[in-house]
Amino acid sequence: MLIRILIILFLPLTSICQNTIGLPNIINYNKIAYRGGLQNWKIKQDRNGIIYVANNEGLLSFDGKHWKIYPLPNKTIVRTLEIALDGKIYVGGQDEMGFFAPNKNGILVYNSLVDKINNHDRDFADVWDIVSYKENVFFRTTSKIFRLQNESFSVLKAPSEWTYLGITNGSLYSHDRGKGLLIFQNNIWEPIPSSLILNTEVTAILKMSNQNVLISTLKNGTFIKTINGITKTNESINKILQDERIFTAIELGNNWMAFATTNNGVFIIDSAGELVQHFSKIEGLQNNNVHSIYLDKQQNLWLSLDNGIDCIAFNSAIKLINPKLQDGSGYTARVFKNNLYMGTSTGLFSVPLSQTTDFSFSKGAFTQVSNTNGQVWGLSEINGTLLLAHHDGAFKVNGNTAINISKQTGVWNFTPMTDIFPTDKIVAGNYNGLSFFDYSNNNFSAIPNIPRFTESSRFVVLDKNNNIWVSHPYHGLYKIINDGNNNYTTKSYAEKNGLPSSLNNHVYKIKGEVVVGTEKGVYTYNYEKDVFEPSVSYKKMLGEQSIRYLKEDTEGNIWFIHEKKLGVFSFSNNNSKLIYLPELNKKLLSGFEFIYPLNKNNIFISGDAGLFHVNYEKYITNIFKLEPQITSVHIINAKDSVLFGGYYAATNEKQIQTKNQIPEINSSWKTIHFEYATPYYGQQNNLEYSYRLVGFEKNWSDWSNISEKEYTNLAPKDYTFEVKVRNNNEIESTVTSYKFEILPPWYLSRMAFLLYFLLIGAGINFLYRRQQNKFRVQESKNDEEQKRLLYLHQLEIEKTENELVALRYEKLNTEIDFKNAELATSAMHLVQKGELLSKLKADLSQLAKGLENEKAVSEIKKMIKVLGEDDKMDDDWEHFAQHFDKVHSDFVTVLKDKHPTVTANEIKLSAYLRMNLSTKEIAQLMNISTRGIEISRYRLRKKLALTTEVSLFEYFINLGGKDLKGN
């Protein structure tokens with residue numbers, strides 16, 4: 001420890017003479033941006049990451065997106081602030097002190113504490129320091145120190161003038177001009193011996209180790225307090241700091257300290273007394289008068305200035321390198337012999353590099369390399385020599401001097417023709433084509449351009465067959481082929497050769513293969529087919545977006561530029577991942593893109609204002625927790641009303657919405673507006689948000705950097721607004737939510753529905769009673785009417801039955817007529833058949849009489865005999881009898897049962913009589929004479945025992961029961 005103290009005591013003067021070559025981004029907030037007063041004082045940050053600034057016009061808050069201002073009631077200057085353990089934001093103004101705390105709507109509201117101070121102590125002018133210490137809050141004015149304990153004040157008046165109040169190493173210190181340094185112990189202020197040498201304002205006390213502290217003063221530089229007393233630090237550095245007037249100082253970690261001055265910005269010094277960095281107006285501050293300095297959770301440095309607020313991305317992995325001797329763009333870079341050479345639009349500059357892992361922390365001043373005025377296009381190390389491609393030709397760099405090796409106008413680049421070094425030949429692209437350089441005896445000698453090829457050759461690569469590829473963004477892609485005898489032919493490639501277009505093609509060599517960045521992604525060369533094809537692997541990595549630049553680094557990662565965006569496809573730890581660096585969006589040198597990946601800690605990229613340095617290893621690990629916050633909820637109709645101001649409870653507590661904090665919103669408010677942010681300072685371009693309103697939409701929105709959302713005309717119900725955030729590494733945060741309820745309009749409220757229910761019930765009861773009376777009156781009428789209707793109904797039934805009987809009768813008549821017709825047809829058939837047979841027998845008999853041939857006569861007689869047989873007739877009768885029984889209800893069966901003595905012929909006769917056939921018709925059917933029929937009828941009557949008064953037809957009708965007609 002003694003060695004460290006001695007180092008600080010004897011800081012060399014040269015340690016503060018040079019700044020680092022790389023400087024982080026500085027974000028400037030002027031009074032128009034934060035909408036407050038000109039001057040700013042103390043800065044603090046709460047648990048949720050919100051930044052607070054004491055401002056001339058009140059308390060400022062900043063969530064990364066939105067600035068808000070909270071003025072004091074008396075509109076006085078707020079010179080200091082403190083966030084206590086209970087989360088209250090204590091502030092002090094002129095004759096005013098109090099605290100801000102959220103009300104029930106989450107809006108910060110000021111609560112004055114002046115009424116708790118005795119009347120005779122209320123005249124105290126400005127409050128300069130507020131310190132929260134062991135559940136007490138101390139307020140320092142120049143004349144008094146107020147101690148707030150258990151909501152009551154005690155006052156310690158200054159022996160001379162209080163100039164400082166602060167906590168260091170767990171102890172509370174104060175300083176009085178007359179009494180020196182004091183420490184608060186055992187509830188009393190005890191003076192520190194030998195501290196009277198601090199005869200000017202003490203501005204900061206910083207922890208060194210154990211009980212040792214560093215003390216800064218406004219005008220007399222810095223001191224060291226040890227157990228042996230207080231001594232002054234090195235006179236030389238004290239002279240510089242004393243001249244700058246140290247307004248305050250803080251510890252930065254890593255044994256670094258930051259000193260804020262009123263004349264020359266901020267000085268960062270390490271534990272060895274070396275100047276790490278210096279920030280002033282030259283480096284980008286708005287002014288050099290720094291009132292306060294604060295290190296936030298992301299290691300950003302916040303500066304409250306005499307005019308404005310600045311945020312230095314002190315922990316950023318991206319720095320800007322730009323020689324102060326020029327203000328042009330950075331085109332190229334190369335580390336050679338422990339020097340960084342930087343090619344710009346005004347010449348070549350160099351600076352020695354320190355023995356640091358991250359070269360952006362090298363300290364030194366750039367010097368211009370002689371003979372390099374003008375645009376520098378490229379730098380290449382070949383055969384141990386640094387070659388310079390310049391607007392005025394080709395040069396080799398020797399120390400701080402450039403020596404011309406070719407008068408060729410406009411050289412773009414150098415490419416060795418072999419992978420074996422030293423190479424004996426290199427090709428150089430220039431404004432008018434390609435030329436060669438031979439190498440021998442440590443010298444390069446120029447060879448004339450390749451004949452008949454005059455395209456400007458800014459993009460040149462060699463393939464595995466030693467063919468030279470050249471691309472011109474506006475003219476095309478070319479392959480220059482060497483036949484082995486230094487005779488060259490040129491072939492152009494465009495759409496017919498597989499490329500999507502002849503424009504905007506950029507050729508590179510990545511992982512040993514020729515690739516072309518096009519407007520439709522990356523294409524690779526197929527040697528067998530001599531065409532270009534879309535690369536499947538690059539399509540998976542980068543899609544089909546336009547690619548202007550490709551570069552492989554030492555780790556195998558592929559850096560690329562899409563339009564004006566820089567990205568890298570990382571293969572680290574066997575895990576491929578696409579990462580964008582949005583910090584550099586629109587800052588790259590468009591048209592002259594350049595990436596020089598020296599190693600994972602030093603990536604150099606061309607930019608509009610110089611070179612950007614990226615410590616890639618730090619970039620991918622320098623990730624802070626993302627916590628989105630809903631900072632404001634407004635409801636809007638004819639006017640705007642704040643529903644939620646961003647605070648659920650104290651400012652040092654995470655946002656948690658309790659059940660009684662869920663608002664009920666009247667439906668007359670047509671619009672609800674949400675604002676949200678993530679306190680991720682200096683990285684807002686890296687953040688994208690996604691949201692949804694549960695109860696209204698199921699899916700999350702697309703990712704966007706917009707940090708507000710509005711909904712209109714929501715239906716009455718419960719809702720939960722949810723929001724999440726992700727960074728450019730696609731790391732997502734947890735979800736932050738806000739619940740609310742849209743109440744139904746009065747006519748859809750619970751009370752309205754109760755009233756509707758009662759009214760409907762009363763109406764139903766009234767209608768019920770009215771209907772009951774009507775029912776009783778109508779009941780008697782209905783009874784009579786029912787009886788009448790019943791009678792009419794019975795009549796209708798009877799009428800219907802009669803009609804059905806008539807219809808049935810008509811149907812039966814139709815059926816019997818049809819059946820009788822069939823029987824008649826059958827009977828006539830039998831008659832005709834009988835007549836035919838009789839006639840045939842008569843004709844045959846007549847024929848037989850006239851024949852003399854006995855054999856013929858014999859045959860005819862046989863035929864007559866056959867025709868006379870009755871078997872077939874019997875068959876016809878059986879068929880007839882079956883149909884007859886079906887029509888006449890089993891007449892034959894009944895006749896046999898009642899009169900079993902009747903013969904077959906008598907049955908036939910009876911059936912024919914039942915059919916009411918004439919005697920002649922019956923004679924024909926039975927093949928007997930009409931006389932025979934008469935005799936048969938007589939005999940049948942006698943057998944049936946019928947008198948002469950009874951008609952055979954009527955008897956047979958009644959005997960067979962009812963026929964199909966119902967007879």
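One numbering rule holds for all chains: residues counted from 1, following each sequence as written. Only residues with pLDDT of at least 70 get local features here, since the model is predicted, and only at 80 or more are side-chain atom pairs given and counted; chain-wide, interface and lining totals rely on the full set of residues. Only hydrogens and water are set aside; all other atoms, that is, all heavy atoms of the structure, feed into the side-chain values.

Labels follow the DSSP assignment, with helices taken as runs of H or I lasting at least four residues and strands as runs of E lasting at least two, numbered in each case from the N terminus. A tally of helices and strands in the protein chain yields 13 helices and 65 strands. With the radius of gyration taken over C-alpha atoms, the globule rule is written as 2.2 Å times the number of residues to the power 0.38. Against the globule reference of 30 Å for 967 residues, the protein chain gives a C-alpha radius of gyration of 59 Å, more extended than a compact globule. Along the longest, intermediate and shortest principal axes, the C-alpha atoms of the protein chain span 180 × 105 × 45 Å. Buried residues in the protein chain amount to 49% of all 967 residues. Put simply, the protein chain shows about 47800 Å² of open surface, and 51% of that area lies on carbon and sulfur atoms. Here the term buried applies to any residue with accessible area under 20% of the maximum for its type, exposed to any over 50%, and partly exposed to those in between, with areas from a 1.4 Å probe on protein chains only. Areas reported as accessible are Shrake-Rupley estimates using a 1.4 Å probe. Residue values count occlusion only from the protein chains shown.

Space left empty within the atom packing is revealed by a probe, the size of a water molecule, rolled over the atoms. Within this scheme a cavity is a closed region of a 1 Å grid, computed over the protein atoms alone, that accommodates a 1.4 Å probe without allowing it to escape, whereas a pocket is open but has protein on both sides within 12 Å along at least five of seven lines; lining residues each have an atom within 4 Å of a point. Grid points are joined across faces, edges and corners, and a volume is the space filled by probe spheres set on the points. Inspection of every chain in the model, using the stated rule, returns five cavities of 30 Å³ or more. Its boundaries defined by the atoms lining it, the largest cavity holds a volume of some 210 Å³. Taken together, 19 residues line the largest cavity, and the ones lying closest to its centre are Glu 583, Asn 622, Phe 624, Tyr 680 and Gln 683. Residue polarity follows a fixed list, in which Ala, Val, Leu, Ile, Met, Phe, Trp, Tyr, Cys and Pro are nonpolar, Asp, Glu, Lys and Arg are charged, and the others, Gly among them, are polar. A breakdown of the residues in the lining of the largest cavity according to their chemical character gives eight nonpolar, ten polar and one charged.

So, about the packing of aromatic side chains. Aromatic pairs are defined between Phe, Tyr and Trp rings, using the six-membered ring for Trp, whenever the two ring centres lie within 6.5 Å; interplanar angles under 30 degrees are classed as stacked, those over 60 as edge-to-face, and all others as tilted. A full pass over the atoms with the stated rule returns 61 aromatic pairs. Ring plane angle 70 degrees and centroid distance 6.1 Å describe the contact between Tyr 90 and Phe 139, whose orientation is recorded as edge-to-face. Of this pair, Tyr 90 sits in strand 8 (residues 89-93) while Phe 139 sits in strand 12 (residues 136-140); the two residues are 49 residues apart in sequence, bridging distant segments of the chain. With relative accessibility at 0%, the residue Phe 139 sits in the buried group. On the numbers, 5.1 Å between centres and 55 degrees between planes, the contact of Phe 100 with Tyr 110 is tilted.

A regular strand carries its side chains on alternate faces of the sheet. What makes two strands pair is DSSP finding at least two bridges between them. Sheet analysis places strand 9 (residues 96-102) next to strand 10 (residues 108-112), joined by five bridges and oriented antiparallel. When the bridges of strand 10 are listed, Phe 99 appears paired with Asn 111. Counted along the chain from strand 9 to the antiparallel partner strand 10, the turn is five residues long, and its residue Gly 106 has a positive phi close to 75 degrees.

With that settled, the discussion passes to the nonpolar core. Take the buried residues of types Ala, Val, Leu, Ile, Met, Phe, Trp, Tyr and Cys, join any two whose side-chain atoms come within 4.5 Å, and each joined set is a nonpolar core. Membership of the largest hydrophobic core comes to 57 residues, with the highest contact counts inside it found for Leu 340, Trp 469, Phe 532, Leu 550, Leu 566, Leu 581 and Ile 605. Of all hydrophobic cores here, the second largest spans 26 residues; its members include Val 633, Leu 687, Tyr 689 and Leu 714.

Glycine aside, residues mostly have negative phi, and peptide bonds are mostly found in the trans state. With omega at 0 degrees, the peptide bond leading from Phe 421 into Pro 422 counts as cis. By the element assignment, Pro 422 lies in the loop between strand 39 (411-416) and strand 40 (425-430). Even without being a glycine, Lys 134 presents a positive backbone phi close to 50 degrees. Mapping Lys 134 onto the fold places it in the loop between strand 11 (129-133) and strand 12. What makes Lys 134 exposed here is its relative accessible area of 60%.

In this section: the layout of surface pockets. There is about 1500 Å³ of room inside the largest pocket. As for the largest pocket, its lining consists of 44 residues, of which Arg 334, Phe 414, Thr 415, Val 460 and Lys 551 are closest to the centre. Among the elements of the structure, strand 31 (330-336), strand 35 (376-382), strand 39, strand 43 (459-462), strand 47 (506-510), strand 51 (549-552) and strand 55 (595-599) are those that each provide at least two residues to the lining of the largest pocket. Here the lining of the largest pocket gets six residues from one element, more than from any other, and that element is strand 35. Its residues assigned to classes, the lining of the largest pocket shows 24 nonpolar, nine polar and eleven charged.

On to the sheet that holds strand 24 (residues 256-261), then. One open sheet accounts for four strands, arranged 23-24-25-26; its pairing is antiparallel. Edge positions in the sheet fall to strand 23 (246-253) and strand 26 (275-279), since each of these pairs with one other strand and no more. Across the sheet, the mean angle separating the axes of adjacent strands is 15 degrees when strand polarity is ignored. Note: strand 25 (residues 266-269) against strand 26, four bridges, orientation antiparallel. The residue bridging Ile 268 from the neighbouring strand is Gln 277, located in strand 26. Note on geometry: axes are C-alpha line fits, over the in-contact stretch for helices, and angles between N-to-C directions span 0 to 180 degrees.

Turning our eyes to something else, we now look at a nonpolar patch on the surface. Exposure above 30% relative accessible area and the lack of any salt bridge qualify a residue for a patch; like charges then connect within 9 Å, and the nonpolar side chains Val, Leu, Ile, Met, Phe, Trp and Tyr within 5 Å. Any carboxyl oxygen of Asp or Glu that lies within 4 Å of a side-chain nitrogen of Lys or Arg is treated as forming a salt bridge with it. Taken together, the side chains of Trp 746, Tyr 747, Leu 748 and Phe 753 define a hydrophobic patch exposed on the protein surface, amounting to about 480 Å² of accessible area. Counting through the fold element by element, Trp 746 comes out in the loop between strand 65 (736-742) and helix 6 (750-849). With a relative accessible area of 67%, Trp 746 lands in the exposed category.

Values of pLDDT, ranging from 0 to 100, describe the predictor's confidence in every residue of the model. Scored by pLDDT, the protein chain has a mean of 86; 91% of the residues are at 70 or more. No element of the protein chain has a lower mean pLDDT than helix 1 (residues 2-9), at 38, and none a higher one than strand 28 (residues 301-305), at 97. When checking whether two residues touch, look at their non-hydrogen atoms; a contact exists if any pair is within 4.5 Å. Below pLDDT 50 for its whole length, residues 1-16 participates in 38 contacts with residues either more than four positions away or in separate chains. Counted against residues more than four places away or in other chains, residues 962-967, with its pLDDT under 50, gives 17 contacts.

All right, on to the packing of helix 10 (residues 904-914) against helix 11 (residues 919-926) then. Helix 11 packs onto helix 10 with a crossing angle of 145 degrees between their chain directions and a minimal axis gap of 10 Å. Crossing angle aside, the handedness with which helix 10 passes helix 11 is right-handed. Listed contacts from helix 11 to Asn 905, Leu 909, Tyr 912 and Leu 913 of helix 10 are Ile 922, Leu 925 and Met 926. Crossings are sorted by hand: turned counterclockwise from the far helix by less than a right angle, the near helix makes the crossing left-handed, and turned clockwise it makes it right-handed.

A separate point is the sheet that holds strand 40. What the four strands build is an open sheet, ordered 39-40-41-42; its pairing is antiparallel. Each of the sheet's edge strands pairs with one partner strand only, and the pair in question is strand 39 and strand 42 (443-447). Across the sheet, the mean angle separating the axes of adjacent strands is 30 degrees when strand polarity is ignored. As defined by bridge partners, strand 41 (residues 433-440) adjoins strand 42 across five bridges and the pair is classed as antiparallel. Note that in strand 42 the partner of Tyr 439 across the bridge is Phe 444.

Our next topic: the packing of helix 9 (residues 891-898) against helix 13 (residues 952-959). The contact between helix 9 and helix 13 brings their axes to 10 Å, and the two run at 100 degrees. By the criterion of interaxial angle, the relationship of helix 9 to helix 13 is roughly perpendicular. Between helix 9 and helix 13, the contacting residues are Phe 891, Val 894, Leu 895 and Lys 898 on the first element and Tyr 955, Phe 956 and Leu 959 on the second. Classifying every residue of the contact of helix 9 with helix 13 by side-chain character gives six nonpolar, no polar and one charged. Comment on the angle field: the value is read as roughly parallel under 35 degrees, roughly antiparallel over 145, roughly perpendicular from 65 to 115, and oblique elsewhere.

All right, on to the side chain of His 634 then. Checked against the element boundaries, His 634 lands in strand 58 (residues 629-636). You can call His 634 buried: its relative accessible area is 16%. Two N or O atoms count as a polar contact when they lie within 3.5 Å, although within protein this holds only if one can serve as hydrogen donor and the other as acceptor, and sequence-adjacent residues are included solely when both atoms are side-chain atoms. Among the polar contacts made by the side chain of His 634, one reaches the side chain of Ser 632 at a distance of 2.8 Å. In this structure His 634 touches Asp 640, Ser 641, Val 642, Leu 643, Thr 671, Ile 672 and His 673, once residues within four positions along its chain are discounted.

Another point: the pattern of salt bridges. Under the defined criterion, the tally for this structure stands at 19 salt bridges. For the salt bridge of Lys 88 with Asp 86, the shortest nitrogen-to-oxygen distance reads 3.9 Å. A salt bridge links Glu 732 to Lys 724, with the shortest nitrogen-to-oxygen separation between them at 3.6 Å. Each of Arg 47, Lys 625 and Glu 627 takes part in a single network of salt bridges with overlapping partners.

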